[in-house]
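Listed below are the residues making up each chain.
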Amino acid sequence: MSFLGMGRPQPTSEQKIAAVETEMEMVAEMLNRLTKACRSKCIPTDYREGELNKGEGVCLDRCTAKYFDVHMKIMENMQKENQKQAGGGGAAPGGAGFGFGS
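Quick summary incoming for the structure in this document. (Residues numbered from 1 in each chain as written. Predicted model: local features only at pLDDT ≥ 70, side-chain atom pairs only at ≥ 80, totals over all residues. Heavy atoms only, no water.)

## Comments concerning the environment of Pro44
- Mapped onto the elements of the fold, Pro44 is located in the loop between helix H1 (13-42) and helix H2 (54-85).
- Residue classification places Pro44 among the partly exposed residues on the basis of a relative accessible area of 27%. (Helix = DSSP H or I, 4+ residues; strand = E, 2+ residues; numbered from the N terminus. Buried < 20%, exposed > 50% of the residue type's maximum accessible area, 1.4 Å probe, protein only.)

This is how it looks when you write it as structure tokens:
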């Protein structure tokens, strides 16, 4: 509930559930894109061994770290733009970001 009836109204349970479901879908999609991109970059299509070799493992670690770093920077920029469009204060409606690093 907002302080003394001021501020924006609190979302209903249905709205909260819908927001969480949307965020989960977005995280799953991001994970699928990350997996596809890093696998195609780091793992050869002609498997020679049953386990990852050191070079493949390092490549996957770096690829994943870069992917998350870029993703977080994009989400921060999107939140800043949403705040500017909403008139400045507070978080963007609908909650941009996937909860990483916040």
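## Side note on the state of the cysteines
- Scanning all chains against the criterion turns up two disulfides.
- Between the sulfur atoms of Cys38 and its disulfide mate Cys63 the distance is 2.0 Å. Disulfide Cys38-Cys63: the torsion about the S-S bond is -90 degrees, which places it as left-handed. You can see Cys38 sitting in helix H1 and its partner Cys63 sitting in helix H2, a full 25 residues away along the chain. The pair Cys38 / Cys63 is uniform in exposure class, with both members buried.
- Here the cysteine-cysteine linkages of the chain are recorded as 1-4, 2-3, numbering only bonded cysteines and doing so in sequence order. (Disulfide = S-S within 2.5 Å.)

## Details of the packing of H1 against H2
- Direction vectors running N to C along H1 and H2 enclose 140 degrees, while the axes themselves pass 9 Å from each other. As summarised for this structure, H1 and H2 are arranged oblique, according to the angle between their axes. You can see that H1 and H2 cross each other, and the crossing is right-handed. Note on element contacts: H2 touches H1 through Glu56, Cys59, Leu60, Cys63, Thr64, Tyr67, Phe68 and His71, opposite Met30, Arg33, Leu34, Cys38, Arg39, Lys41 and Cys42.
- Residues of the contact of H1 with H2, tallied by class, amount to nine nonpolar, two polar and four charged. (Axes fitted to C-alpha atoms, helices over the stretch in contact; angles between N-to-C directions. Parallel < 35°, antiparallel > 145°, perpendicular 65-115°, else oblique. Left-handed = near helix turned anticlockwise from the far one by under 90°. Contact = heavy atoms within 4.5 Å. Nonpolar A, V, L, I, M, F, W, Y, C, P; charged D, E, K, R; others polar.)

## A short note on the pattern of salt bridges
- Tallied over the full model, the rule gives four salt bridges.
- Across the pair Asp46 and Arg48 runs a salt bridge whose closest N-O atoms are separated by 3.6 Å.
- Judged by relative accessible area, which is 42%, Asp46 ranks as partly exposed.
- We note a salt bridge from Asp69 to Lys73, for which the minimum N-O separation is 3.4 Å. Note that Asp69 and Lys73 are positioned in helix H2 at a spacing of four residues, about one turn of the helix. (Salt bridge = Lys/Arg side-chain N within 4 Å of Asp/Glu carboxyl O.)

## A few points about H2
- In this model H2 runs 47 Å from its N-terminal to its C-terminal C-alpha over 32 residues, within 8% of the 46 Å that 1.5 Å per residue would give.
- Within the span of H2, buried status applies to Glu56, Leu60, Cys63, His71 and Met75.
- As for H2, its buried residues are in contact with H1.
- Where H2 begins, one side-chain oxygen reaches toward the backbone nitrogen of Gly55, 3.1 Å away; that side chain belongs to Asn53.
- Immediately beyond the C-terminal end of H2, within one or two residues, lies Gly87, with a positive phi of roughly 100 degrees. (Expected span 1.5 Å × (residues − 1). Polar contact = N/O pair within 3.5 Å; in protein donor to acceptor, adjacent residues only side chain to side chain.)

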